[in-house]
Amino acid sequence: MTAAAGTPFDAVLLLSFGGPDGPDDVRPFLENVTRGRGVPPERLDAVAEHYFHFGGVSPINALNLDIIDRLRAALAAAEIDLPVFFGNRNWHPMVEDTVADLYAAGHRHVLVFPTSAWGGYSGCAQYHEDIARALESLAAATPGLADDPITLRKLPHYWDRPEMTSACADAITDARTRLPAELRDEARLVFTAHSIPVSADVAAGPPELGGHLYSRQVTAASEKAAAAAGFAAHDVVWQSRSGPPQIPWLEPDICDHLEAIAADGAAAAIVCPIGFVSDHLEVVWDLDTEAVETAGEVGIALARAGTVGTDDRYIDMIVTLITDQLEGQTTDAAGLGCTDNGARCAVGCCASQRPSRPS
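Note that the structure is a prediction, hence the values are computed from the model and not measured.

The rules behind the values
- Residues numbered from 1 in each chain as written.
- Predicted model: local features only at pLDDT ≥ 70, side-chain atom pairs only at ≥ 80, totals over all residues.
- Heavy atoms only, no water.
- Helix = DSSP H or I, 4+ residues; strand = E, 2+ residues; numbered from the N terminus.
- Rg over C-alpha atoms; globule rule 2.2 N^0.38 Å.
- Buried < 20%, exposed > 50% of the residue type's maximum accessible area, 1.4 Å probe, protein only.
- Contact = heavy atoms within 4.5 Å.
- Areas by Shrake-Rupley, 256 points an atom, 1.4 Å probe, with all protein chains shown as cover.
- Lys, Arg positive; Asp, Glu negative; His and termini not counted.
- Charge placed at Lys NZ, Arg CZ, Asp CG, Glu CD.
- pLDDT = per-residue confidence, 0-100.
- Bend = angle between axes of the 7 residues up to and from the residue.
- Phe/Tyr/Trp six-rings, centres within 6.5 Å; stacked < 30°, edge-to-face > 60°.
- Lys NZ or Arg CZ within 6 Å of the ring centre and 35° of its normal.
- Axes fitted to C-alpha atoms, helices over the stretch in contact; angles between N-to-C directions.
- Parallel < 35°, antiparallel > 145°, perpendicular 65-115°, else oblique.
- Left-handed = near helix turned anticlockwise from the far one by under 90°.
- Nonpolar A, V, L, I, M, F, W, Y, C, P; charged D, E, K, R; others polar.
- Salt bridge = Lys/Arg side-chain N within 4 Å of Asp/Glu carboxyl O.
- Core = buried A, V, L, I, M, F, W, Y, C linked by side-chain atoms within 4.5 Å.
- Polar contact = N/O pair within 3.5 Å; in protein donor to acceptor, adjacent residues only side chain to side chain.

(A) Just the overall build of the protein, in detail. A count of helices and strands for the protein gives twelve helices and eight strands. Expected size for 359 residues packed as a compact globule is a radius of gyration near 21 Å; at 20 Å, the protein falls within 12% of this value. Here the protein holds 359 residues, and the buried ones make up 56% of them. Looking at the protein alone, contacts between residues at least 24 apart form 81% of all its contacts between residues at least 6 apart. Summed over its atoms, the accessible surface of the protein is roughly 14,400 Å², and 53% of this surface lies on carbon and sulfur atoms. Averaging the positions of the 24 positive and the 50 negative side-chain charges in the protein gives two centres separated by 3 Å.

(B) Region of interest: the confidence of the model for the protein. For the protein, per-residue confidence averages 93 on the pLDDT scale, and residues scoring 70 or more make up 94% of the total. Confidence drops under a pLDDT of 50 for residues 1-6, and excluding neighbours within four residues, the segment shows 14 contacts in the predicted structure. Low pLDDT, under 50, characterises residues 355-359; the stretch is placed with 29 contacts to residues that sit more than four places away or in other chains.

(C) Spatial organisation of helix H11 (residues 286-298). Where H11 bends most, the angle comes to about 25°, and this point is Val-292. Among the residues of H11, those classed as buried are Asp-286, Leu-287, Thr-289, Ala-291, Thr-294 and Ala-295. Structurally, H11 contributes buried residues whose contacts are with strand S5 (188-194), strand S6 (235-239), helix H9 (254-263), strand S7 (268-272), helix H10 (281-284) and strand S8 (301-304). At the C-terminal side of H11, Gly-299 shows a positive phi close to 80°.

(D) Structural context of unusual backbone geometry. Between His-92 and the following residue, Pro-93, the backbone shows a cis peptide bond with an omega angle of 0°. Tracing the backbone shows Pro-93 in the loop between strand S2 (84-88) and helix H4 (95-104). Of note, the bond from Glu-251 into Pro-252 is cis; its omega dihedral lies within 30 degrees of zero at 5°. Its place among the elements puts Pro-252 in the loop between S6 and H9. For Glu-79, which is not glycine, the phi dihedral falls at a positive 60°. For Glu-79, the location among the structural elements is in the loop between helix H3 (60-77) and S2. Look at Glu-79 and you get exposed, because its relative accessible area is 57%. Positive phi, normally seen in glycine, also occurs at His-212, with a value near 60°.

(E) Inspection of the packing of aromatic side chains at higher detail. What the rule picks out here adds up to nine aromatic pairs. A ring pair is formed by Phe-54 and Trp-285, whose centres lie 6.5 Å apart and whose planes are at 90°; its orientation type is edge-to-face. Of this pair, Phe-54 sits in the loop between helix H2 (41-52) and H3 while Trp-285 is found in the loop between H10 and H11, placing the two residues 231 residues apart along the sequence. Given the relative accessible area of 14%, Trp-285 is considered buried. Geometrically, the ring pair formed by Trp-118 and Trp-159 is stacked, given 6.5 Å between the ring centres and 15° between the ring planes. You can see Trp-118 sitting in the loop between strand S3 (109-114) and helix H5 (121-141) and its partner Trp-159 sitting in the loop between strand S4 (151-154) and helix H6 (162-177), a full 41 residues away along the chain. By relative accessible area, which is 5% here, Trp-118 ends up buried. Ring pairs connect the aromatic residues Trp-118, Trp-159, Tyr-214 and Trp-238, which therefore count as one cluster. Directly above the ring of Tyr-103 sits Arg-108, whose terminal nitrogen or CZ lies 3.6 Å from the centroid.

(F) Fine view of the packing of helix H1 (residues 23-34) against H2. It is at 10 Å that the axes of H1 and H2 come closest, and there the two elements cross at 135°. Put simply, H1 runs oblique to H2. Once H1 is placed against H2, the crossing between them reads as right-handed. In this structure, H1 contributes Pro-23, Val-26, Arg-27, Phe-29, Leu-30, Glu-31 and Thr-34 to the contact, and H2 contributes Pro-41, Leu-44, Asp-45, Val-47, Ala-48, Tyr-51 and Phe-52. For the contact of H1 with H2, the class distribution of residues is ten nonpolar, one polar and three charged.

(G) The pattern of salt bridges, seen in detail. A complete count under the given rule lists 20 salt bridges for this structure. Among the ionic contacts, a cluster of salt bridges with common partners joins Arg-89, Glu-96, Asp-130 and Arg-133.

(H) How the structure looks around the nonpolar core. In terms of nonpolar packing, the biggest core is built from 61 residues, with Ile-172, Tyr-314 and Ile-322 touching the most fellow members. Discounting chain neighbours no more than four positions away, the residues touching Tyr-314 are Ile-67, Phe-113, Tyr-158, Met-164, Val-277, Val-308 and Gly-309. Judged by nonpolar contacts, the second largest core, of 17 residues, contains Ala-11, Tyr-103, Ile-131 and Leu-145.

(I) How the structure looks around the side chain of Asn-88. Tracing the backbone shows Asn-88 in strand S2. Look at Asn-88 and you get buried, because its relative accessible area is 0%. Within the local environment of Asn-88, its side chain forms a polar contact with the side chain of Asn-61, the two groups lying 3.3 Å apart. Excluding residues that lie within four positions of it along the chain, Asn-88 makes contacts with Leu-15, Ser-16, Phe-17, Gly-18, Asn-61, Pro-93, Met-94 and Val-95.

Pasting the structure below:
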């Protein structure tokens, strides 16, 4: 199938968070992330040290470029003739520049794949805002845009796709084999995702769905993956909170939870970062550094499951999402998060909550 065979879509944009490529990028990147949020300089200094611990380079850009390379190959194998572009919210290549490049190259109907599977403000609505901001930038630089417009369609939430569940389950199974043999049968399975302010979770999703869309999706995805991996019980916890301590965020924190289960007698745990598609900084710092240290302090053997972005099933899922749009040509019943040109899913959907997220 090619884009010329009955579909107007002519390109794909992978849209992500962004990350610094070197030490000199760290502070400007963090200032981009927190612009307008009143984050104190000392907090940025603290988070900057996490990046400097890894040479000032976030893994996220290289991981995304790997996904793009594999996606291009998979599209070609499926005979889908769509070029794949890369844009970020907070660091180069910036989405505004990429959309300008797309337009200059003649593309007018673009599918946007976000590197977040979830609903809620940070997981979905902010990507709509990125699209709208890029279009505003393009309009300011392109006087004739109204006569020759471009459409950017964000692909829907994909947390419940079977490819995600099976890839996550296999990652859990692999992690279990890395525990001491005598502890594998008693290991606690712990899922973790990025914490957000409780107020943001309350507002997550179309109002008619009653809020808490993000936490409900994470809970449901964890249940699916645990069952697929053969676990009768599991825990759902959170990580990477930031912002003023007086503002409630989703709890418990992963490190607090490790301390709690150790006190209850747990000797081993498998931690699955279900909320993240790649091993970017919040995974390698919060889990591979801080959680590993906490586990060592409380005497728990810890194995961390891999993220799904390196699994070929993740790439297959992206191709399926693209194919669905090529064949269906509609956002009706396509799933939450799938709208054109930055429109929200519904009036009042994911009321703008701008949590401080400098990591």
